[in-house]
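Here is what each chain is made of, one letter per residue.
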Amino acid sequence: MTIGWCKHVRRATIATTVVSVWIVTFIAVCAENVTSAITTRQTIPRFLRTPTNVTVHRGELAELMCHIQNLGPRMVVWRKASEENPLTLGTATFTPATEISINQVDISPGESKWNLLIKNVQPKHAGVYECQISSTGIYTHYVALNVLKSPAVRKPQLTITGTQYVNQYNDIHLVCNATGVDRAPEDVDWFFNGNRIHTSHPHWYGRIEIVKHRPLPGRSYISELIIHLSTMEDQGNYVCRSSDLNVNSMNVHILNDKETGIKIRAPGEESGMMKTEDTGKSKAAMADISLTFTLINVFMLTALT
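What comes next concerns the included structure.

Together, M75, L89 and F94 line one region of the surface with nonpolar side chains, adding up to about 280 Å² of accessible area. Relative to the assigned elements, F94 resides in the loop between β7 (92–93) and β8 (100–108). F94 sits in the partly exposed class, given a relative accessible area of 48%.

What follows is the structure in structure tokens.
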């Protein structure tokens, strides 16, 4: 009876162990499959949403966008759908056409852009382009390029920005941006209340700067007017005029703190004043408490005496 019972217990133990091993093995296999599936899903490259239909005028710069996530070590290839040979392989240009180039930028660790640039675009460049990812399977992003035969109509522009309200003795800083049709203007002049500004004029001498520069070779010309230690006499109308005779203006107001009580404060200055006021109130409260304890001590000493 005892021997039979022991055999029964041993068999049950072995069966339990086998079932436990099977369960552990099953869980491990499932976990491995799930991990593999997740890893595979994370590393599959995919195209992010970008324009798939681009229209430009003849002579402009065409940019065909291709943004990719999880590219990894794979190669990006641009080609025109109607042609057999690729235009670019990675960052290298594979075509003798000098107007074609690639703009590659890593936006984040897992995201990058591979935009195809076509300078001085012509009607012959119109068509469907493919941004392909070379892998075990071919991933393709299609972009249609439409080229209008007429060139873009450009108009000269001139804008003026800067400090319209200035506290007395602070700097006035105005920026004039002039853009020409085919080229940048030759020069830009500044006027104050109808009179041309000269750095040698007694009113401006020693406290005015006029900085001129072109950001890039092209159609823009920028001129900066900087007036140090502004006075009430600097208040008025400032005009920027390009050599192409385009004009724009801005009225600058000088604020006198004593007369108006208005002051332009730097960000955070108000909070600093509130903090100083609160600190003063706290110190006054502590003084009152200290005085109260002093009176109590005097009263107790008098009573004991």
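Right, picking up where we left off after that structure.
The next thing to look at is the pairing of strand β15 (residues 188–192). Across the five residues of β15, five count as buried, placing the element largely inside the fold. Here β15 shows two buried faces, one formed by V188, W190 and F192 and the other by D189 and F191. The sheet contact formed by β15 and strand β19 (residues 236–242) spans five bridges and is antiparallel. Residue W190 lies in a different strand from β19, and its bridge partner there is C240. Looking at chain direction, β15 and strand β16 (residues 195–196) are connected through two bridges and run antiparallel. From the neighbouring strand, F192 faces β16, where its bridge partner is N195. Linking β15 to β16, which pair antiparallel, is a turn of two residues; within it N193 sits at a positive phi near 50°.

Okay, unusual backbone geometry next. Residue N70 is not a glycine yet carries a positive backbone phi of 60°. Despite not being glycine, Y169 shows a phi value in the positive range, around 80°. Tracing the sequence through the fold places Y169 in the loop between β13 (165–167) and β14 (172–179).

All right, on to the environment of K80 then. Its location among the elements puts K80 in strand β5 (residues 75–80). The class for K80 is buried, based on a relative accessible area of 9%. Excluding its chain neighbours within four sequence positions, the residues that come into contact with K80 are L87, K124, H125, A126, G127, V128 and Y129. A polar contact is formed between the side chain of K80 and the backbone oxygen of K124, at a distance of 3.0 Å. Polar contacts involving the side chain of K80 include one to the main-chain carbonyl oxygen of A126, which spans 3.1 Å.

The next thing to look at is the sheet that holds β13. Strand order across the open sheet formed by five strands is β13-β20-β19-β15-β16, with mixed pairing between neighbours. Edge positions in the sheet fall to β13 and β16, since each of these pairs with one other strand and no more.

A few words now on the pattern of salt bridges. Summed over all chains, the structure comprises four salt bridges. We note a salt bridge from D189 to R241, for which the minimum N-O separation is 3.7 Å. A residue pair is termed long-range when its members are at least 10 positions apart, and D189 in strand β15 and R241 in strand β19 qualify at 52 residues. Between D234 and R207 there is a salt bridge; the shortest N-O distance is 2.8 Å. Separated by 27 residues along the polypeptide, D234 in the loop between β18 (220–227) and β19 and R207 in the loop between β16 and β17 (208–213) bring together distant segments of the chain. Accessibility expressed as a relative area gives 0% for D234, which makes it buried.

What counts as what
- Starting afresh in each chain, residues are numbered from 1 along the sequence in its written order.
- Given that the model is predicted, a residue must reach a pLDDT of at least 70 before its local features are reported, and side-chain atom pairs must reach 80 or more before they are shown or counted; all residues, however, enter totals for whole chains, interfaces and linings.
- With hydrogens and water excluded, all non-hydrogen atoms of the structure serve as input to the side-chain values.
- Residues enter patches when they are more than 30% accessible in relative terms and free of salt bridges; like-charged ones are connected within 9 Å and nonpolar ones (Val, Leu, Ile, Met, Phe, Trp, Tyr) within 5 Å.
- For the accessible areas, the method is Shrake-Rupley and the probe is 1.4 Å, while residue cover comes only from the protein chains on display.
- We define a salt bridge as a contact between a side-chain nitrogen of Lys or Arg and a carboxyl oxygen of Asp or Glu at a distance within 4 Å.
- Comment: elements are numbered from the N terminus, with helices defined as DSSP H or I runs of at least four residues and strands as E runs of at least two.
- The buried label applies to any residue whose accessible area, calculated with a 1.4 Å probe on protein chains only, is under 20% of its type's maximum; exposed applies above 50%, and partly exposed to all values in between.
- Only when DSSP finds a minimum of two bridges between them are two strands counted as paired.
- In what follows, residue pairs with any heavy atoms lying within 4.5 Å of each other are defined as contacts.
- By the criterion applied in these results, polar contacts are pairs of N or O atoms within 3.5 Å in which, for protein atoms, one can donate a hydrogen and the other can accept it, and in which residues neighboring in sequence qualify only through two side-chain atoms.

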